[in-house]
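# Examining the three-dimensional arrangement
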Amino acid sequence: SAATKFWLAASAFVDDLIARRAFAPYAGDADHTLLARWSPLAHHILQRTYGTLISAAPDAESALAVVDEATETLDEPGACPFCQVMVAVPSAVACAEGGRLDEARHHLAAAELSAARWEGTAWTGSVTEAKACLARVEGDRVETDRRLARAAHLFDDAGQTLDAARCREAIG
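This is a predicted model, so every value here is computed, not measured.

## Describing the overall build of the protein
- On a plain count of helices and strands, the protein comes out with 9 helices and 0 strands.
- In sequence order, the secondary structure elements of the protein are arranged as α-α-α-α-α-α-α-α-α.
- Residue burial in the protein is summarised as follows: out of 172 residues, 43% are buried.
- Across the protein, every contact between residues at least 6 apart in sequence was considered, and the portion connecting residues at least 24 apart equals 62%.
- Split by element, the accessible area of the protein, about 9200 Å² in all, is 57% carbon and sulfur.

Here's what the structure looks like:
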């Protein structure tokens with residue numbers, strides 16, 4: 001429908017602005033999710049919006065603040081199990097890099113469950129890359145490289161050549 005196309009386009013536009021840091025860095029308020037909250041697709045767009053905010057955060061402390069807000073906001077009935085991967089992967093990475101390893105594992109488990117619903121997409125590669133991040137933080141270089149190589153292969157299979165290249169560059 002036209003409304004669905006509008007909300008998806010608006011969400012993509014906001015994601016682009018955040019990624020280019022055209023918005024002020026995350027400041028601990030909920031204004032950045034206002035568009036997503038009032039969308040008829042809120043149960044889908046909020047996960048994408050929070051995932052983008054986590055990934056675009058200027059530092060680990062800000063990323064963890066967004067993870068905490070997302071966890072509180074999205075912990076409600078009706079959240080889309082398909083879209084959970086969009087916030088779970090960035091949350092896992094932020095928690096791993098922020099030293100919150102148990103939380104990182106929790107988000108990875110949620111990401112795996114969600115990614116399994118998206119057969120043949122790049123989400124499996126994203127989960128594998130997040131696992132590589134956790135292995136790196138835990139000091140396991142061999143496992144990190146193994147998972148990065150696997151993620152690159154999965155990204156290639158899904159046609160995500162830039163993601164594959166990023167993983168290959170991080171090996172070693």
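That shown, we press on.
## Here's the deal with the packing of helix α4 (residues 60–74) against helix α5 (residues 85–97)
- Viewed as axis vectors pointing N to C, α4 and α5 meet at an angle of 140°, and their least axial separation amounts to 9 Å. One element, α4, and the other, α5, form an angle in the oblique class. Regarding α4 and α5, the two cross each other, and that crossing is left-handed. Counted together, Ala63, Leu64, Val67, Ala70 and Leu74 of α4 and Val87, Ser91, Ala94 and Cys95 of α5 form the full contact between these two elements.
- Within the contact of α4 with α5, the residues separate by chemical class into 8 nonpolar, 1 polar and no charged.

## As for the nonpolar core
- With 30 residues, the main nonpolar core has Tyr50, Ile54, Val85 and Val127 as its most contacted residues.
- Looking at this core, the elements with two or more residues in it are α3 (42–56), α4, α5, α6 (101–115) and α7 (123–137).
- Considering every element that reaches this core, the biggest residue donor is α5, with 9 residues.
- Counting residues in hydrophobic clusters, the runner-up holds 8 residues, among them Ala122, Ala132, Leu148 and Ala151.

## Thoughts on the state of the cysteines
- Tallied over the full model, the rule gives 0 disulfides.
- Cysteine Cys80 is unpaired, with the sulfur of Cys83 as its nearest cysteine sulfur at 3.7 Å.
- Here Cys80 falls in the buried class, since its relative accessible area comes to 8%.

## Examining the environment of Ala164
- Here Ala164 is to be found in helix α9 (residues 161–170).
- Given a relative accessible area of 0%, Ala164 falls into the buried group.
- Every residue in contact with Ala164, bar those within four places of it in the chain, is listed here: Ala152, Phe155 and Asp156.

## A word on the pattern of salt bridges
- Applying the stated criterion to the full structure yields 12 salt bridges.
- In this structure, the salt-bridge partner of Glu129 is Arg166, at a minimum N-O distance of 2.7 Å. With Glu129 in helix α7 and Arg166 in helix α9, this residue pair connects regions lying 37 residues apart in the sequence.
- In this structure, a network of salt bridges that share partners links the residues Asp68, Arg100 and Glu103.

About the cut-offs
Residues numbered from 1 in each chain as written. Predicted model: local features only at pLDDT ≥ 70, side-chain atom pairs only at ≥ 80, totals over all residues. Heavy atoms only, no water. Helix = DSSP H or I, 4+ residues; strand = E, 2+ residues; numbered from the N terminus. Buried < 20%, exposed > 50% of the residue type's maximum accessible area, 1.4 Å probe, protein only. Contact = heavy atoms within 4.5 Å. Areas by Shrake-Rupley, 256 points an atom, 1.4 Å probe, with all protein chains shown as cover. Axes fitted to C-alpha atoms, helices over the stretch in contact; angles between N-to-C directions. Parallel < 35°, antiparallel > 145°, perpendicular 65-115°, else oblique. Left-handed = near helix turned anticlockwise from the far one by under 90°. Nonpolar A, V, L, I, M, F, W, Y, C, P; charged D, E, K, R; others polar. Core = buried A, V, L, I, M, F, W, Y, C linked by side-chain atoms within 4.5 Å. Disulfide = S-S within 2.5 Å. Salt bridge = Lys/Arg side-chain N within 4 Å of Asp/Glu carboxyl O.

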